[in-house]
Amino acid sequence: MLLKIQETAHFLRSKILTNPKTGIILGTGLGNLVTQITDKTEIPYETIPNFPVSTVEGHSGKLIVGKLGGVDVLAMQGRFHFYEGYDMKAVTFPVRVMKALGIETLLVSNASGGVNPGFEIGDLMIITDHINLFPEHPLRGKNFPELGTRFPDMSEAYSKELIAKAKGIAAKHNIKVVEGVYAGTTGPTFETPAEYRYFRTIGADAVGMSTVPEVIVANHAGMRCFGISIVTDLGVPGKIVEVSHEEVQEIGNSVQPLMTLIMKELIQD
Ligand code: HPA
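One structure accompanies this document, and this report is about it. The model shown is predicted, which means the values in this text are computed figures rather than measured ones. (Residues numbered from 1 in each chain as written. Predicted model: local features only at pLDDT ≥ 70, side-chain atom pairs only at ≥ 80, totals over all residues. Heavy atoms only, no water.)

1. Side note on empty space enclosed by the protein
Counted according to the given criterion, the structure contains 1 cavity of 30 Å³ or more. For the largest cavity, the calculated volume is near 100 Å³. Contributing elements (two or more residues each) for the lining of the largest cavity: α2 (88-100) and α5 (212-220). A breakdown of the residues in the lining of the largest cavity according to their chemical character gives 6 nonpolar, 3 polar and 3 charged. (1 Å grid on protein atoms, 1.4 Å probe; cavity = no way out; pocket = protein on both sides within 12 Å on 5 of 7 lines; lining within 4 Å. Points joined across faces, edges and corners; volume = space filled by probe spheres on them. Helix = DSSP H or I, 4+ residues; strand = E, 2+ residues; numbered from the N terminus. Nonpolar A, V, L, I, M, F, W, Y, C, P; charged D, E, K, R; others polar.)

2. Details of the site of the ligand
Around the ligand, the structure places Ala111, Ser112, Gly113, Phe190, Glu191, Tyr196, Val207, Gly208, Met209, Thr232, Asp233 and Val248. The separation between a nitrogen atom of the ligand and a polar main-chain atom of Gly113 is 3.4 Å. Thr232 has a polar side-chain atom sitting 3.4 Å from a nitrogen atom of the ligand. Spatially, the ligand is embedded in the largest pocket. In terms of residue count, the dominant contributor to the shell around the ligand is strand β5 (residues 105-114) (3 residues). For the shell around the ligand, the per-class residue count stands at 6 nonpolar, 4 polar and 2 charged. (Near = heavy atom within 4 Å. Polar contact = N/O pair within 3.5 Å; in protein donor to acceptor, adjacent residues only side chain to side chain. Sits in = over half its atoms within 2 Å of the grid points.)

3. Focus: the environment of Asp205
Within the element layout of this structure, Asp205 appears in the loop between α4 (193-201) and β8 (206-208). Looking at Asp205, the relative accessible area reads 12%, which means it is buried. Placed 59 residues apart in sequence, Asp205 and Glu146 show a C-alpha to C-alpha distance of 35 Å. Not counting the four nearest positions on each side in its chain, Asp205 is found in contact with Gly113, Gly114, Val115, Asn116, Phe119, Met125, Glu179, Gly180, Val181 and Arg200. There is a polar contact of 2.9 Å between the side chain of Asp205 and the side chain of Asn116. (Buried < 20%, exposed > 50% of the residue type's maximum accessible area, 1.4 Å probe, protein only. Contact = heavy atoms within 4.5 Å.)

4. Thoughts on helix α3 (residues 160-172)
Taking 1.5 Å of rise per residue, the 13 residues of α3 would be expected to cover 18 Å, and the 18 Å separating its terminal C-alpha atoms lies within 8% of that figure. Close packing links the buried residues of α3 with β5, β6 (124-132), β7 (177-184), β9 (224-234) and α6 (245-266). Trailing α3 by a residue or two, Asn174 shows a phi angle of about 60°, which is positive. (Expected span 1.5 Å × (residues − 1).)

5. What about the environment of Gly31?
Mapping Gly31 onto the fold places it in the loop between β1 (22-26) and β2 (37-44). In sequence terms Gly31 and Gly78 are 47 residues apart; their C-alpha atoms lie 7.8 Å from each other.

6. Here's the deal with the packing of aromatic side chains
Under the defined criterion, the tally for this structure stands at 7 aromatic pairs. Taking 5.9 Å as the distance between ring centres and 80° as the angle between the ring planes, the aromatic pair formed by Phe51 and Phe80 counts as edge-to-face. Of this pair, Phe51 sits in the loop between β2 and β3 (62-68) while Phe80 is found in the loop between β4 (71-77) and α2, placing the two residues 29 residues apart along the sequence. With respect to burial, Phe51 and Phe80 carry one shared label: buried. (Phe/Tyr/Trp six-rings, centres within 6.5 Å; stacked < 30°, edge-to-face > 60°.)

Have a look at this one:
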């Protein structure tokens, strides 16, 4: 694994002239932020050695290096999901490569189903914590001390400092944000009403099919993390209706610019 990470990082270094310290992973259909990146270099995943290739509709699958609000960033437009069949090492490989390239802060976005009865469709949820419900752990197996410690602390998986700063930015722009715990599960089915109730019972505010593996590996690697989840549907008793991937993307589209604004200001000093 170490060699593969080095090989991929080496390849990317040959394509990138900057030294980004901020990495961004954009969720399903959440590519709006990319339109704000200037001085862009785009690197399609299929041209990157050792990278898995994304297959889900709504993912264009490329790495974008450039400036967001003047700050050097390395963004992934489209991620790798466990439900696509990748194992957790593949799902999280790009985060390892980001670390090897010198990324210190990771911003992530996703779409989720809200299970907190106070939430509304279209809410932006700042992720304060997560619950890992994936059946495979990205750190299972041999631990490489070069990458991180065997038993990583997860007491502040999402940076309190970045959360506070993001809330300040949202308040300044009058953007409504909510905060909550994101439960990560495999999908690809959306939840049954009983499952939504279960997620609420165990302490989640929203449920989705991504993010948790990447944030675990980023913490293992000593990166600071920040995440925003767009609540695209509700798993709340009395409000549960049929959900589709298209609707999830539509709702995601409508509020993305607000998320982009928060992230753009978040990375300014
Ligand atoms: N459940 C799981 N993942 C999701 C949902 C949901 O309701 N909405 C968007 N992603």
